[in-house]
Amino acid sequence: MQFDINKCHITGTVEKFDRIATRTGTPMVRAMVRCYRETLQVVAFRDLAEDTDLQAGDRVEVRGRIQNTS
């Protein structure tokens, strides 16, 4: 049995939403989601990015994994 401990589930309000043009042409969206006192950057690729259309003020539920970059 394998456990994946890198999972997150957040609910918040969209502050900003952008469609990003990648060099490879892969569909990508980026949203800034306000959750309590924190603002988190959420990124989606491919089919999920194509099917996602958000606006500032929308309530969202995000499930995925956390990746930290510097």
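For the structure, check the block above.
All values derive from a computational prediction rather than experimental measurement.

Student: Got a minute to help me understand the overall build of the protein chain in this structure?
Tutor: When its secondary structure is counted, the protein chain shows one helix and four strands. Counting helices and strands in the order they occur from the N terminus, the protein chain gives β-β-β-α-β. Within the protein chain, buried positions represent 21% of all 70 residues. Of the contacts made within the protein chain by residues no fewer than 6 positions apart, 46% connect residues no fewer than 24 positions apart. Within the structure as shown, the protein chain displays about 6,100 Å² of accessible surface, and the carbon and sulfur contribution to it stands at 46%. Looking at the protein chain, you have 11 positive and 10 negative side-chain charges, and the mean spots of the two groups are 6 Å apart.

Student: Which parts of the structure should I look at to understand the sheet that holds strand S4 (residues 59–64)?
Tutor: Either a parallel or an antiparallel arrangement is found when strands of a sheet pair, and the pairing is made through backbone hydrogen bonds. With antiparallel pairing, four strands are arranged side by side in an open sheet as S3-S2-S1-S4. The sheet terminates laterally at strand S3 (38–45) and S4, the two strands that pair on one side only. Between one strand axis and the next, the sheet turns through 50° on average, direction left out of account.

Student: For this particular structure, what's the right way to read unusual backbone geometry?
Tutor: Across residues other than glycine, the phi torsion is negative in most instances, and most of the peptide bonds are trans. Non-glycine residue tyrosine 36 carries a positive phi angle of around 55°. Here tyrosine 36 is to be found in the loop between strand S2 (27–35) and S3. For arginine 46, which is not glycine, the phi torsion reads 55° and is therefore positive.

Student: Mind showing me how you'd approach the nonpolar core here?
Tutor: Where a protein is soluble and globular, its nonpolar side chains tend to be buried together. If you look at the biggest cluster of nonpolar residues, it comprises 12 residues: Ile10, Val14, Phe17, Val29, Ala31, Val33, Cys35, Val42, Ala44, Ala49, Val60 and Val62. Elements supplying a minimum of two residues to this core: strand S1 (8–21), S2, S3 and S4. Take this core: its biggest share by element is four residues, from S2. Excluding residues that lie within four positions of it along the chain, valine 42 makes contacts with Ile10, Val29, Arg30, Ala31, Val33 and Val62.

Analysis parameters
- Residues numbered from 1 in each chain as written.
- Predicted model: local features only at pLDDT ≥ 70, side-chain atom pairs only at ≥ 80, totals over all residues.
- Heavy atoms only, no water.
- Helix = DSSP H or I, 4+ residues; strand = E, 2+ residues; numbered from the N terminus.
- Buried < 20%, exposed > 50% of the residue type's maximum accessible area, 1.4 Å probe, protein only.
- Contact = heavy atoms within 4.5 Å.
- Areas by Shrake-Rupley, 256 points an atom, 1.4 Å probe, with all protein chains shown as cover.
- Lys, Arg positive; Asp, Glu negative; His and termini not counted.
- Charge placed at Lys NZ, Arg CZ, Asp CG, Glu CD.
- Pairing = 2+ DSSP bridges.
- Axes fitted to C-alpha atoms, helices over the stretch in contact; angles between N-to-C directions.
- Core = buried A, V, L, I, M, F, W, Y, C linked by side-chain atoms within 4.5 Å.

Read these as geometric descriptors, not functional statements.
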